[in-house]
Each structure stands twice: as C-alpha cells, then as structure tokens.
Amino acid sequence: MTPSNAASSPDPTVQPVPASVVQQVDAADSTLHNPKRAVLSLGSNLGNRLETLQGAVDALADTPGLRIKAVSPVYETDPWGVDPGSQPTYFNAVVILKTTLPPSSLWERAQAIEEAFERVRDSRWGPRTLDVDIVTYQGAVSDDPALTLPHPRAHERAFVLVPWHDVDPDAEVPGHGAVAGLLPALAGQGVRFRADATLALPD
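Cut-off values and rules
Residues numbered from 1 in each chain as written. Predicted model: local features only at pLDDT ≥ 70, side-chain atom pairs only at ≥ 80, totals over all residues. Heavy atoms only, no water. pLDDT = per-residue confidence, 0-100. Contact = heavy atoms within 4.5 Å. Core = buried A, V, L, I, M, F, W, Y, C linked by side-chain atoms within 4.5 Å. Buried < 20%, exposed > 50% of the residue type's maximum accessible area, 1.4 Å probe, protein only. Helix = DSSP H or I, 4+ residues; strand = E, 2+ residues; numbered from the N terminus. Phe/Tyr/Trp six-rings, centres within 6.5 Å; stacked < 30°, edge-to-face > 60°. Lys NZ or Arg CZ within 6 Å of the ring centre and 35° of its normal. Expected span 1.5 Å × (residues − 1). Arc of directions from axis to C-beta.

Caption draft 1: Summary view of the confidence of the model for the protein chain. Averaged over every residue, the pLDDT of the protein chain is 84; residues scoring 70 or more account for 80%. Residue range residues 1-15 is modelled with pLDDT below 50. Its contacts to residues more than four positions away, or to other chains, number 24 contacts.

Caption draft 2: How the structure looks around the nonpolar core. The biggest cluster of nonpolar side chains holds 28 residues, and the ones touching the most others in it are Leu 40, Leu 42, Leu 53, Val 57, Ile 68, Leu 106 and Leu 199. Contributions of two or more residues to this core are made by strand S1 (36-44), helix H3 (49-61), strand S2 (66-71), strand S4 (90-99), helix H4 (103-116) and strand S5 (131-137). Among the elements that take part in this core, H3 stands out by supplying five residues, more than any other. Residues Tyr 75, Val 135, Val 160 and Leu 183 belong to the second largest nonpolar core, which totals 20 residues.

Caption draft 3: Region of the structure containing the packing of aromatic side chains. All told, the structure shown has one aromatic pair when counted by the stated rule. The ring of Phe 91 has Arg 49 lying over it, and the distance from NZ or CZ to the ring centre is 3.8 Å.

Caption draft 4: Spotlight on H4. Taking 1.5 Å as the rise per residue, H4 with 14 residues should run 20 Å; its terminal C-alpha atoms sit 20 Å apart, in good agreement. Listing the buried residues of H4 in full gives Leu 106, Ala 110, Gln 111, Ile 113 and Glu 114. Summarising the axial view, the buried residues of H4 lie within an arc of 160 degrees, below the 170-degree limit, and thus occupy one face. Projecting away from the buried face of H4 at angles above 90 degrees are the exposed residues Glu 108, Glu 115 and Ala 116. Residues of H4 that are buried in the fold lie against S1, H3, S2, S4 and S5.

Take a look at the structure:
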C-alpha cells in the first residue's frame with residue numbers, strides 16, 4: 001500500500017475498533033482529569049520487530065495517567081537517512097492516546113520504554129530495537145531543543161503519516177497541514193502495509 005493509496009481510500013483489511021473497546025476506553029478516560037491528546041510513532045528494525053512494538057504498546061498502556069485510544073496497522077519501511085540495504089527494514093506503527101502527563105513526562109516515559117528494550121544510541125540513524133517518538137501533543141508547537149513539537153520531521157516521513165492517517169483520516173500536523181494533503185508527496189518512500197503483522201489494542 002502506498003501513501004497515495006492511503007490518502008485516497010481506506011484499506012479494506014483494516015478492521016474498525018469494536019464498539020465495546022471504544023466504550024471501555026472512553027470509560028477509562030473519565031478517570032483522567034483534563035486529558036490531552038497525543039500521537040506517538042513506534043519503530044523497530046532489530047530483533048523480533050512485531051513483538052517489540054507490541055511490548056511498547058503494552059508498556060504505554062500500563063503507564064499511569066495514560067489511555068490508548070487507537071493503534072494503527074503495521075507497515076514495513078526502508079530505513080531513513082542511510083544507504084539502501086545497509087540496515088534491516090523497520091516495522092512502524094502509530095499510537096493515539098489521551099494522557100494527563102505533561103509533554104516532558106510523556107517523553108521521559110517514552111525514553112524509559114526504549115531503554116527497557118535495550119535501545120542503543122551510538123549513531124543518529126543507526127539501527128535500533130525500539131524508537132518511540134512524540135509526533136504531536138494536543139496541537140502544541142514548541143521549538144524547545146529537548147522536545148520539539150510537533151516532531152520536526154514527522155511531516156516528511158511516510159512511515160509516520162501513513163499509519164497515522166489510517167487511524168485518524170482527519171489528522172493534522174501543526175504548522176504543516178492535513179496529513180491527507182501531505183501524503184501524495186511522500187509516495188516514493190517505500191512504505192508497505194503488512195497484513196500479517198497486527199498489534200493488539202490493550203484491554
């Protein structure tokens with residue numbers, strides 16, 4: 001599935017979230033005081049990629065003050081910023097959540113989850129067991145170098161926008177516009193839908 005296809009029509013293999021799960025999540029939201037909506041991008045290209053992504057989803061779900069609203073389909077993507085064939089391909093997905101954590105605490109939690117999966121940071125574009133990035137946080141715009149919002153390269157990355165569009169067709173990248181409008185320009189980035197790889201929305 002190409003980014004342009006994702007923008008033009010929903011993938012018929014993507015199943016809607018059951019109403020019972022939506023009700024369960026909405027009920028959980030009522031325990032959060034003034035929750036904020038955030039979008040996280042997950043990626044892995046070392047080890048058991050699907051198992052790692054599911055572990056990240058589960059770890060996020062276990063985080064106090066955080067409720068997962070949606071988990072995207074999984075896409076296989078070519079590594080970003082490196083020579084073709086120099087690294088294994090990635091599995092990528094997007095998680096939409098509501099949280100009472102401020103952006104800094106959410107970022108710290110994301111870092112802790114990466115470390116739990118033995119993420120190594122020896123090079124900028126190096127292979128990794130797990131990457132957890134905050135893409136957006138309640139529409140916030142910040143140029144803080146510690147945590148820039150929205151993610152400074154999200155609007156250029158099909159592996160973020162394609163799965164995000166699947167679970168939120170009306171999504172927007174603050175300062176850059178609608179995800180659906182950004183996708184056609186990214187059609188050549190080698191993002192492939194994996195029907196055989198599914199992430200479970202936590203109970």
